[in-house]
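Residue-level listing of the chains:
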Amino acid sequence: MKIKLIISLIILTFQSITAFTQTINNFGTVIFNLKFSSFSETGFGGKIKITNIATKQEFEGKSPNRFNPHIIVVNLPRGEYKIVELIIKTGSGQIRYYDTLKFNTININEGKTFYLGSYRTKKTSEVFKLNYEITLDKKVDTLKIKNLLQKNNIKDDNIDFTKKLFQTDTTYLNIKL
């Protein structure tokens, strides 16, 4: 009888500690996939810089390596964020984009992962102009996303697939020199 009571107390204590740590860890994660292909160039991933609108604190995320198209930003405290810079790797270089009006704001209100989509970037047919088209790929490989999160020691049981990086499914970038 005493053993059952001790085991019950241990289980109750463990559940309380687990619930307490989950309420403390309300940090969010943002992840998205970005690929570039145009003529003879191919690039994967890049970097992103986001800012908390209220606190002005900046966070950066990048691809884990040069052949990985996923860009990850971890440990985002609660708040509303705007994207202030996106860097797309093109193979031989990169595209820096700063127009905040084309991006959605991201609201981190609980400790979960937000998958913002899978995007393909290509140069438009205007050869001598720096115009690019970024298109949302509607297919999402949820198993691949979960495996990537596990590999990076990120909680993968609460993924929100409803948010998008850009305000439209096809976004046109006009880079001015």
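Above this note sits the structure.
Residues numbered from 1 in each chain as written. Predicted model: local features only at pLDDT ≥ 70, side-chain atom pairs only at ≥ 80, totals over all residues. Heavy atoms only, no water.

Novice: Describe the pattern of salt bridges, with residues and values.
Specialist: Going through the model one piece at a time under the given rule, you end up with 8 salt bridges. Among the salt bridges present, the one from lysine 112 reaches aspartate 160, with a minimum N-O distance of 3.6 Å. In this pair, lysine 112 is assigned in the loop between β8 (106-108) and β9 (113-123) and aspartate 160 in strand β11 (residues 159-160), connecting sequence segments 48 residues apart. One network of salt bridges, with partners in common, ties together Lys49, Glu60, Glu85 and Arg96. (Salt bridge = Lys/Arg side-chain N within 4 Å of Asp/Glu carboxyl O. Helix = DSSP H or I, 4+ residues; strand = E, 2+ residues; numbered from the N terminus.)

Novice: So what's going on with the environment of leucine 165? Residues and values would help.
Specialist: Position of leucine 165 among the secondary structure elements: in the loop between β11 and β12 (170-174). For the pair formed by leucine 165 and isoleucine 106, sequence separation is 59 residues and the distance between their alpha carbons is 8.3 Å.

Novice: Any chance you could break down the packing of aromatic side chains for me, citing the residues and the numbers?
Specialist: Evaluated as defined, the whole model comprises 6 aromatic pairs. Seen from their ring centres, phenylalanine 59 and tyrosine 81 are 5.9 Å apart, and the 75 degrees between their planes marks the pair as edge-to-face. Of the two residues, phenylalanine 59 sits in strand β4 (residues 58-62) while tyrosine 81 sits in strand β6 (residues 79-89), which places them 22 residues apart along the sequence. With respect to class, phenylalanine 59 is no different from tyrosine 81; both count as buried. Taken together, the ring pairs connect Tyr97, Phe103, Tyr119 and Phe166 into an aromatic cluster. Lying over the aromatic face of tyrosine 132, lysine 123 brings its terminal NZ or CZ to 5.8 Å of the ring centre. (Phe/Tyr/Trp six-rings, centres within 6.5 Å; stacked < 30°, edge-to-face > 60°. Buried < 20%, exposed > 50% of the residue type's maximum accessible area, 1.4 Å probe, protein only. Lys NZ or Arg CZ within 6 Å of the ring centre and 35° of its normal.)

Novice: I'd like to hear about the nonpolar core, residue by residue, with values.
Specialist: Counting 29 residues, the largest nonpolar core has Phe32, Ile48, Ile50, Leu76, Leu86, Ile88 and Leu165 as the members making the most contacts within it. Taken together, the elements giving at least two residues each to this core come down to β1 (28-38), β3 (46-52), β5 (70-76), β6, β7 (94-97), β8, β9 and β10 (131-137). Look past the residues within four positions of isoleucine 50 in its chain and what remains in contact with it is Gln57, Glu58, Phe59, Val73, Leu76, Tyr81, Lys82, Ile83 and Val84. Listed in part, the 8 residues of the second largest apolar core include Ile145, Leu148, Leu149 and Ile159. (Core = buried A, V, L, I, M, F, W, Y, C linked by side-chain atoms within 4.5 Å. Contact = heavy atoms within 4.5 Å.)

Novice: Quick rundown of unusual backbone geometry? Include the residues and the values.
Specialist: Even without being a glycine, lysine 56 presents a positive backbone phi close to 65 degrees. Looking at the secondary structure, you find lysine 56 in the loop between β3 and β4. The phi dihedral of asparagine 75 is positive, around 55 degrees, even though this residue is not glycine. Its location among the elements puts asparagine 75 in strand β5.

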